[in-house]
Amino acid sequence: MNENILKLKEWIANSDNVVFFGGAGVSTESGIPDFRSVDGLYNQKWKYPPETILSHSFFERYPEEYYRFHREKLVIDGVQPNRAHLRLAELEREGKLRAVITQNIDGLHQAAGSKNVLELHGSILRAYCSRCRRPYPQEEMNKGTGLPRCSCGGIIRPDIVLYEEPLDQDIVSSAVHYIRNADVLIIGGTSLNVYPAAGLINYYRGNKLALVNLSETPYDHYADLIIHEKIGEVFSQI
Ligand code: APR
């Protein structure tokens, strides 16, 4: 076993206050492409750049085009939690992991059994009316055709944070609380490119920050332990 993985295993064995902060790289081994890897969503050719499509102003102006992208690229049938999701849920049950803080919108941490999941960017498994905010089941939004409409006439939208939109401040405050008080902070499967999410890790005050990511990130210098391997592989060993 790689000595860094062994060290991470020891940190976890000796702690009851581990916090996980993750991104799209946690779900790639479940078959969901990430955003910025070579084959990631933002490197695929679309009429508009995906970062533009996933923005508030684009949704307002071109909702049909948004939903074409949403149903083709964000909704992936039959995805299952992978070894990383499952091990995190197990660590929570063992009383070691306090919270999963995720930028992902796929609901796979909850599907794996994690209870305390802070979804910084929301979830495509929840929908609401963009005009009257009435909640709706996700099926028509994710599986239907055409524009899903509310009884008030408004367009139903996913409960995700689009570019140009603010994060839920209660979720941010809770994430800061867990990170600030964490003994061990494990960051996994994220390029740490997007703020304010990436900035939250600056609240960590401990000396056991582990970064498990296939590629380098702007925070590599900041980590106490770096493992550039597949997160499912690593988590199957800890
Ligand atoms: N194991 C470990 N790391 C992985 C794996 C894997 N199996 N697969 C991919 N990665 C790494 C990639 O090397 C990359 O650095 O995960 C990272 C994913 O980075 P991004 O694609 O930028 O995804 P993320 O960091 O979650 O993006 C943040 O950007 O567009 C917004 O809202 C969107 O939540 C998203 C945010």
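Residues numbered from 1 in each chain as written. Predicted model: local features only at pLDDT ≥ 70, side-chain atom pairs only at ≥ 80, totals over all residues. Heavy atoms only, no water.

Caption draft 1: Quick peek at the sheet that holds strand S9 (residues 225-227). Across the sheet, six strands lie side by side as S3-S2-S1-S7-S8-S9; this open sheet has parallel pairing. Where the open sheet ends on each side, the last strands, each with one partner, are strand S3 (117-119) and S9. Neighbour-to-neighbour, the strand axes of the sheet open up by a mean angle of 15 degrees, direction not taken into account. In this sheet, strand S7 (residues 184-188) lies alongside strand S1 (residues 18-22) in parallel orientation, the contact comprising five bridges. Note that in S7 the partner of Val19 across the bridge is Leu185. (Pairing = 2+ DSSP bridges. Helix = DSSP H or I, 4+ residues; strand = E, 2+ residues; numbered from the N terminus. Axes fitted to C-alpha atoms, helices over the stretch in contact; angles between N-to-C directions.)

Caption draft 2: Expanded view of the pairing of strand S6 (residues 156-160). A large share of S6 lies buried, amounting to four of its five residues. Of the strand pairs in this sheet, strand S4 (residues 122-129) and S6 are connected by five bridges, and their pairing is antiparallel. In the strand pairing of S6, Ser123 is matched with Asp159. (Buried < 20%, exposed > 50% of the residue type's maximum accessible area, 1.4 Å probe, protein only.)

Caption draft 3: Main features of the side chain of Asn82. For Asn82, the location among the structural elements is in the loop between helix H4 (63-74) and helix H5 (83-93). For Asn82, a relative accessible area of 8% translates into the label buried. At a separation of 3.0 Å, a polar atom in the side chain of Asn82 contacts the side chain of Ser30. With residues near it in sequence (within four places) discarded, Asn82 still touches Val26, Ser27, Glu29 and Ser30. (Polar contact = N/O pair within 3.5 Å; in protein donor to acceptor, adjacent residues only side chain to side chain. Contact = heavy atoms within 4.5 Å.)

Caption draft 4: Examining helix H8 (residues 169-181) more closely. Compared with an ideal rise of 1.5 Å per residue, which puts 13 residues at 18 Å, H8 spans 18 Å between its outermost C-alpha atoms and is within 8% of the ideal. Restricting attention to buried positions, one finds in H8 the residues Val172, Ala175, Val176 and Ile179. Along the long axis of H8, the arc covered by the buried residues comes to 100 degrees, so they all point the same way. Next to the buried residues of H8 lie S1, strand S2 (97-102), S3 and S7. A side-chain oxygen of the first residue of H8 lies 2.8 Å from the backbone nitrogen of Asp170; this N-cap is Asp168. (Expected span 1.5 Å × (residues − 1). Arc of directions from axis to C-beta.)

Caption draft 5: Spotlight on the sheet that holds S4. The sheet built from three strands is open, its strands ordered S5-S4-S6 with antiparallel pairing. Both outer strands of the open sheet, strand S5 (135-136) and S6, are each paired with one neighbouring strand and no more. Sitting on the sheet, H4 touches S4 and S6, and the angle it makes with S6 is about 50 degrees.

Caption draft 6: The site of the ligand, seen in detail. Near the ligand lie 23 residues; those nearest to it are Arg36, Tyr42, Tyr163, Thr190 and Ser191. Residue Gln103 places a main-chain N or O atom 3.2 Å away from an oxygen atom belonging to the ligand. Contact with the protein chains hides 94% of the accessible area of the ligand, taken as 730 Å² for the molecule alone. The residue inventory of the shell around the ligand, partitioned by class, reads seven nonpolar, eleven polar and five charged. (Near = heavy atom within 4 Å. Areas by Shrake-Rupley, 256 points an atom, 1.4 Å probe, with all protein chains shown as cover. Nonpolar A, V, L, I, M, F, W, Y, C, P; charged D, E, K, R; others polar.)

Caption draft 7: The arrangement of the packing of aromatic side chains in detail. Counting across every chain of the model gives ten aromatic pairs. Ring centres of Tyr66 and Tyr67 lie 5.3 Å apart, and the angle between their planes is 85 degrees; this geometry places the pair in the edge-to-face category. When sorted by exposure, Tyr66 lands in the same class as Tyr67, which is buried. Counting every residue linked through ring pairs, the aromatic cluster contains Tyr48, Phe58 and Tyr62. Between Arg157 and the ring centre of Phe59, over which it is positioned, the NZ or CZ distance is 5.9 Å. (Phe/Tyr/Trp six-rings, centres within 6.5 Å; stacked < 30°, edge-to-face > 60°. Lys NZ or Arg CZ within 6 Å of the ring centre and 35° of its normal.)

Caption draft 8: Region of interest: the side chain of Thr217. Topologically, Thr217 is positioned in the loop between strand S8 (209-212) and S9. When its relative accessible area of 8% is taken as the criterion, Thr217 is described as buried. A distance of 2.8 Å separates polar atoms of two side chains, one belonging to Thr217 and the other to Asp220. When residues no more than four places from it in sequence are discounted, the contact partners of Thr217 are Thr190, Ser191, Leu192 and Leu211.

Caption draft 9: Layout of the environment of Asn207. With respect to the secondary-structure elements, Asn207 resides in the loop between S7 and S8. Exposure remark for Asn207: the relative accessible area of 53% places this residue in the exposed category. Along the chain, Asn207 and Asp183 lie 24 residues apart, while their C-alpha atoms are 7.9 Å from each other. Ignoring anything within four residues of it in the chain, the contact list for Asn207 reads Trp11 and Asp224.

Interpretation in functional terms is not warranted from these geometric data alone.
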